[in-house]
Number of protein chains: 2
Amino acid sequence: MRIGIIGVGTVGGGVVEIIERKRDEFHAKFGILLEIAGVAAKTEEELAPFKAKGYKGFTDATELLDDESISVVCELAGGYDLPFKWIKKAIENKKHVVTANKALLAKYGNEIFPLAEKKGCHVLFEAAVGGGMPIIRSLQEGFVGNNVESLSCIINGTCNYILTKMATESLSFEEVLKEAQRLGFAEADPSFDIDGIDSAHKTAILASLCSGSFVDFEKIHVTGIRGITAQDVQFIQELGGVVRLLGLYNKVGDKVDARVHPCIVPSDHLLASVKCELNAVYLQCDNLGPTLQTGAGAGRLPTASAVVADLVSLARSVETGNLEPLPMGWFQKDNSAKLVPIGETSTRYYFRFVTKDDYGVLADITGILGKNKISIESILQKNTNNREKVDILVITENAMESSVQAALSEIDSLPEISEKSKMLRFLS
Amino acid sequence: MRIGIIGVGTVGGGVVEIIERKRDEFHAKFGILLEIAGVAAKTEEELAPFKAKGYKGFTDATELLDDESISVVCELAGGYDLPFKWIKKAIENKKHVVTANKALLAKYGNEIFPLAEKKGCHVLFEAAVGGGMPIIRSLQEGFVGNNVESLSCIINGTCNYILTKMATESLSFEEVLKEAQRLGFAEADPSFDIDGIDSAHKTAILASLCSGSFVDFEKIHVTGIRGITAQDVQFIQELGGVVRLLGLYNKVGDKVDARVHPCIVPSDHLLASVKCELNAVYLQCDNLGPTLQTGAGAGRLPTASAVVADLVSLARSVETGNLEPLPMGWFQKDNSAKLVPIGETSTRYYFRFVTKDDYGVLADITGILGKNKISIESILQKNTNNREKVDILVITENAMESSVQAALSEIDSLPEISEKSKMLRFLS
């Protein structure tokens, strides 16, 4: 099977490396031949090491796309608009596509998948979510005997690294971020990760696969981890929990509840044991019950190994058989999921109010919560030795998000409240 | 695709149930039709509820195997010899096979897989290991871009339930076993589970898949959990570990180290968070690094959902394409793995010696360990208030199993030692 690779940076270079290492093994084991027919990159400089090894190089990816001998295109360049153009052209030219580009799929998947289905092309994207973990394959094939009732995922290694380190080393968000940038776990501009955008892309893809309807990542609620304080992480630890940035999917009747925000996870939950840059996907299935997969969600070789798995899968079905692509034509706007607005979701909540230790304030807070039909599970006062800045922790029973927002905004306007209230949702 | 089901007990009944529930969905989603062409069981009584629903019933499975309209046979009866005969006949009749029978595959896989490959038949067995977790599919497809360097699995829910409860409720093995039998987590004759035989079947299958060579379950070292005492579980907990029955695979040069025995797992290891009847498979891959899958390893619907995933996969490749079976012909005796004898393996060890508090005994013990080139990491004396029965805990550095066995047998013959020494291996 002749493969064209667009983008030979971190992941693309890793794909070439693994194919070179494992080509003979794949041939012996499966009778398939993974042949790199050409690589495309922006500059001759990037191409040079690949050309030196004898690969054909293109600085214009469209030339590679016009090579009729190529049956599969790996899009590993990143970005949105050019890759979208390339993938469309590849499919128009009846080439199968393998991509690791979650941002592209979240944004343009609703055009790519229906087009591919029309043209009978496979579009495989195991590497787009969860790096080297085979979660896409598991959702499409392994768990097909189940309905996925809910999904909770740790799907951004940068955020999980930061949140883990904040807890284990009692450091502030800013301190850990700086350290993560120094170690290469966070980008110079980290907003894509820490504001939850990357998690939203991946969550939208997973929620689409789980629901069989198109979940638009631009329409799901996203809160990142900038607002998480060392103080809250510590209090939550004392309460027996850890903070994780989660992508969430719940099937609610014929609607889809999909969101990304920090959550409090009980310390004995499997997701709490997923630390540092590991990713994990936790599913609740109707027949199987709970199940979890965890592994490296990013990085050169983990991600490349998932691309190679897709290539082997394609080579086996393209070269030795004639397997039809998995139907993905439903992944389009006119099959959009009906989303549950975040205001209509409910869970248990953690609030932290910072007050002057005024004896009346507790009555005010509990009064406002009660008026908004928010039942209190427990109240704890912390730092009571400093009368000017007492922390009141409130854990609620199940409450409606819209009521919580209304109550918090009213509480924040109380004169005794000296900081904007902190709120975190429990994993329900 | 017309399916014949042999065995309509717990799992077989679950398969029928899921197919009935999801048939329309599969048809709409994949354009496939899962049609139950007939079911076979030992007695008319077992068949009655299925016949009442209009399914054709056979008390002689061979009649079902002669039905030319059937293209796939699900063997869900359990046992060895009859199922082996049926599966051979199915393959001779050019039918694909789906089975959940790990004991059969461990014993006769070396005849079944080569025969199937010769005849061009698929033999799928996702449900045989890890119940509803898609670990077989992941090893055959998802992780194909990796070499699996090592595998550690919790693959028997009964043992994991017993070991978890011994730790959390400070109960003896016998007490928990009795409770597990009452709750249906353990069989009336539990030896197949607690002596590690079931784990050995599954570990042999996984080790074969990882190594690409035949690992004979009868040749791998197996120790079950009968010898685990509440006292050791408690001491190990104090040391920051938990006891788990693990199936282990390590690639050692061109040899395979495969074993089943209890292990001490550090409390912060992902496998330690796998509790009660959950199963889990932890892999160390060359490109991906560490990865874990966990989920229900047994039970009617979890296991049935894996069988259904295999059926969907077959229907997609059989009905809409012509995918060749995954090569499994290597799974045979003349491609047997070279096994590392357990005596040549090495890891850290936990020993517990029970002695009269004789001041000389420690010198004797450390002398014997030293003579056998076993370095000591730490020594702890416990229960020192009872001078007649002091526990000496020894944690070793990496040591060779054969040296450990030699040392323990010498120590056990010391007059001050009042009970047979306890030994547990650390997960290395």
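Residues numbered from 1 in each chain as written. Chains lettered and ligands numbered in written order. Predicted model: local features only at pLDDT ≥ 70, side-chain atom pairs only at ≥ 80, totals over all residues. Heavy atoms only, no water.

(A) Looking closely at the sheet that holds strand β5 (residues 96-99) of chain A. All names here are of chain A. Taken together, 6 strands build an open sheet; the order of strands is β3-β2-β1-β4-β5-β6 and the sheet is parallel. The sheet terminates laterally at β3 (57-58) and β6 (123-124), the two strands that pair on one side only. Note that strand β1 (residues 2-6) and strand β4 (residues 72-75) share 4 bridges and pair parallel. Bridge pairing in β4 links glycine 4 to valine 73. Along the sheet, helix α4 (residues 81-92) contacts β1, β4, β5 and β6; its crossing angle with β5, the most-contacted strand, is approximately 150°. (Pairing = 2+ DSSP bridges. Helix = DSSP H or I, 4+ residues; strand = E, 2+ residues; numbered from the N terminus. Contact = heavy atoms within 4.5 Å. Axes fitted to C-alpha atoms, helices over the stretch in contact; angles between N-to-C directions.)

(B) Fine view of the sheet that holds strand β6 (residues 123-124) of chain B. Residues and elements named next belong to chain B. Taken in spatial order, the 6 strands line up as β3-β2-β1-β4-β5-β6 in an open sheet, and their pairing is parallel. Each end of this open sheet is capped by a strand with a single partner; those strands are β3 (57-58) and β6. Where strand β2 (residues 35-40) meets β3, 2 bridges bridge the pair, whose relative direction is parallel. Bridging from a neighbouring strand, alanine 40 pairs with phenylalanine 58 of β3.

(C) How the structure looks around the relation of the copies chain B and chain A. With an RMSD of 0.0 Å, chain B superimposes on chain A once it is rotated by 180° and translated 0.0 Å along the axis. Between the two chains, the operation in question is that of a two-fold axis. Closest to the rotation axis within chain B is the C-alpha of B:Gln293, separated from it by 2.2 Å. Mapped onto chain A, 100% of the interface residues of chain B are again interface residues, and the two copies thus contact each other with one and the same surface. (Least-squares fit on C-alpha atoms with pLDDT ≥ 70 in both.)

(D) How the structure looks around the packing of helix α6 (residues 135-142) of chain B against helix α10 (residues 197-211) of chain B. Residue and element names in this part refer to chain B. Two elements in contact, α6 and α10, have axes separated by 10 Å at closest approach and are oriented at 10°. Taken as axis vectors, α6 and α10 run roughly parallel relative to one another. For the pair α6 and α10, the contacting residues are Ile135, Ile136, Leu139 and Gln140 in the first and Leu206, Leu209 and Cys210 in the second. Broken down by class, the residue content of the contact of α6 with α10 amounts to 6 nonpolar, 1 polar and no charged. (Parallel < 35°, antiparallel > 145°, perpendicular 65-115°, else oblique. Nonpolar A, V, L, I, M, F, W, Y, C, P; charged D, E, K, R; others polar.)

(E) Structural detail: the pairing of strand β14 (residues 349-355) of chain B. Residue and element names in this part refer to chain B. Within β14, 7 of the 7 residues are buried, leaving the element largely enclosed by the surrounding structure. Alternating positions in β14 separate into two faces, Tyr349, Phe351, Phe353 and Thr355 on one and Tyr350, Arg352 and Val354 on the other, with burial throughout. Sheet analysis places β14 next to strand β18 (residues 422-426), joined by 4 bridges and oriented antiparallel. What sits directly across from tyrosine 349, in β18, is arginine 425. Taken together, the 6 bridges between β14 and strand β16 (residues 390-396) define a ladder with antiparallel strand orientation. What sits directly across from tyrosine 350, in β16, is isoleucine 395. (Buried < 20%, exposed > 50% of the residue type's maximum accessible area, 1.4 Å probe, protein only.)

(F) Looking closely at the interface of chain B and chain A. Chain B puts 51 residues into the contact, and the matching count from chain A is 51 residues. For the pair chain B and chain A, the two sides together bury roughly 4,100 Å², of which 56% comes from carbon and sulfur. One can count 4 salt bridges joining chain B with chain A. Joining chain B to chain A, the criterion identifies 15 residue pairs in polar contact (both at pLDDT 80 or more). (Buried area = accessible area lost by both parts, 1.4 Å probe. Salt bridge = Lys/Arg side-chain N within 4 Å of Asp/Glu carboxyl O. Polar contact = N/O pair within 3.5 Å; in protein donor to acceptor, adjacent residues only side chain to side chain.)

(G) Structural detail: the side chain of A:Thr345. Checked against the element boundaries, A:Thr345 lands in the loop between α12 (300-319) and β13 (346-347). Filtering out sequence-adjacent residues up to four positions away, A:Thr345 remains in contact with A:Asp257, A:Arg259, A:Val340, A:Ala399, A:Met400 and A:Glu401.

(H) Fine view of the packing of helix α7 (residues 157-169) of chain A against helix α8 (residues 173-183) of chain A. Residue and element names in this part refer to chain A. One can describe the packing of α7 onto α8 by two numbers: an axis separation of 9 Å at closest approach and a directional angle of 125°. In terms of orientation, α7 lies oblique with respect to α8. Seen along the crossing, α7 lies across α8 with a hand that is right-handed. Packed against α7, whose contacting residues are Tyr161, Ile162, Lys165 and Met166, the element α8 presents Phe173, Val176, Leu177, Glu179, Ala180 and Leu183 at the interface. (Left-handed = near helix turned anticlockwise from the far one by under 90°.)

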